[in-house]
Amino acid sequence: MVTVFNPELGGHGRRVALLADAVALRLDLTVNVRNAIHHAALFHDIGMLGIARKSLFTPWEHLSETERNLILGHPDIGKELLKSMPWYEETAAIVAAHHEHWDGSGFPLHLGKESIPLEARIITVCDAFDEMTHKPQDATQHFSKEEALAHIKKQRGGFFDPRIVDLFINTYLSQAGLENSSLPSEVAISLSQLRSGMCLTQDLCNSLGKPLLTKGTILQEAVILRLLAMRDQFGVAEPIFVTADPRM
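What you are looking at is a predicted structure, and each value in this text was computed from that prediction instead of being measured.

Student: Can you help me understand the sheet that holds strand β2 (residues 199-200) in this one?
Tutor: Strands belonging to one sheet form pairs held by backbone hydrogen bonds; the direction of such a pair is parallel or antiparallel. Across the sheet, three strands lie side by side as β1-β5-β2; this open sheet has antiparallel pairing. Pairing within the sheet leaves two strands with one partner each, and these edge strands are β1 (187-189) and β2. In this structure, β2 lies alongside strand β5 (residues 240-243), joined through two bridges in antiparallel fashion. Across the sheet, residue leucine 200 finds its bridge partner in β5, namely valine 242.

Student: Help me out: how do you make sense of the pairing of β5 in this one?
Tutor: Side chains on a regular strand alternate between the two faces of the sheet. Both faces of β5 are covered, namely the face carrying Ile240 and Val242 and the face carrying Phe241 and Thr243. Examined bridge by bridge, β1 and β5 share three bridges and lie antiparallel to one another. When the bridges of β5 are listed, alanine 188 appears paired with phenylalanine 241.

Student: It is not clear to me how unusual backbone geometry should be interpreted in this structure. Could you clarify?
Tutor: Note on backbone geometry: most residues besides glycine have negative phi, and most peptide bonds are trans. In this chain, phenylalanine 107 is followed by proline 108 through a cis amide linkage whose omega measures 10 degrees. Along the chain, proline 108 falls in the loop between α6 (89-96) and α7 (118-133). The phi angle at histidine 110 is positive, at roughly 55 degrees, despite the residue not being glycine. Positionally, histidine 110 belongs in the loop between α6 and α7. Phi at lysine 113 is positive, roughly 45 degrees, even though this residue is not glycine. Among the secondary structure elements, lysine 113 is positioned in the loop between α6 and α7. Lysine 113 gets classed as partly exposed once you look at its relative accessible area, which sits at 47%.

Reading the values: the criteria
- Every chain is numbered independently, its residues counted from 1 as its sequence is written.
- Selection of residues for local features in this predicted model requires a pLDDT of at least 70, selection of side-chain atom pairs for listing and counting requires 80 or more, and totals for whole chains, interfaces and linings are taken over all residues.
- Side-chain metrics in this entry use all non-hydrogen atoms of the structure; hydrogen atoms and water are not considered.
- The pairing criterion is simple: DSSP has to find at least two bridges between the two strands.
- Comment: elements are numbered from the N terminus, with helices defined as DSSP H or I runs of at least four residues and strands as E runs of at least two.
- When a residue's accessible area, from a 1.4 Å probe over protein chains only, is under 20% of the maximum for its type it is buried; when over 50% it is exposed; and in between it is partly exposed.

Right, here's the structure in full:
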């Protein structure tokens, strides 16, 4: 839905979901909670629907009061949109809080510390990192991954939950060698990141929930190419959970 009016936000949601999935795997969370985090990450900016693209990349001080209010209201708008679908009730509550800050300086309710849902605290960090590292070409500022990580570290205990910052940084660094298949025991990755020799740690399904490959399958190049070809036709469900160690 977000991609209809702003392709940048659509890609942003998918990337934030992958980051949040990887962090959530390191916590003792149920599958249902992890699914809620994934969906909230995908749709966290759905409340931006209808806001002019130029407003999203204009410096705050140059925005009109109306434009500022629309942006400040997008967590609540997103919550209301998702609440209309009962299966997204938990997701809606997470989306409503994804701009709250650990120190209480966020919006819309100025929640702080543990009063912010854990799921939202995870998305807040992942959102900030991806937003900084994927600025559109016409944005006034661009940041390297190193600069984004430095910002997140600086705001540890400020904007961001210290524990989530530590988990995010450790997760990010452990996946920095992903292209070389240097993976921890289980990671959540996208279809395009699959490599020959990786082993599925969970069943791989299509978008309708139909199993395509079972847990324990060691991926071969021909299988990966087949999955890539099916991406548009059947919609392989992402993220995909794998390990690089075929023995696991």
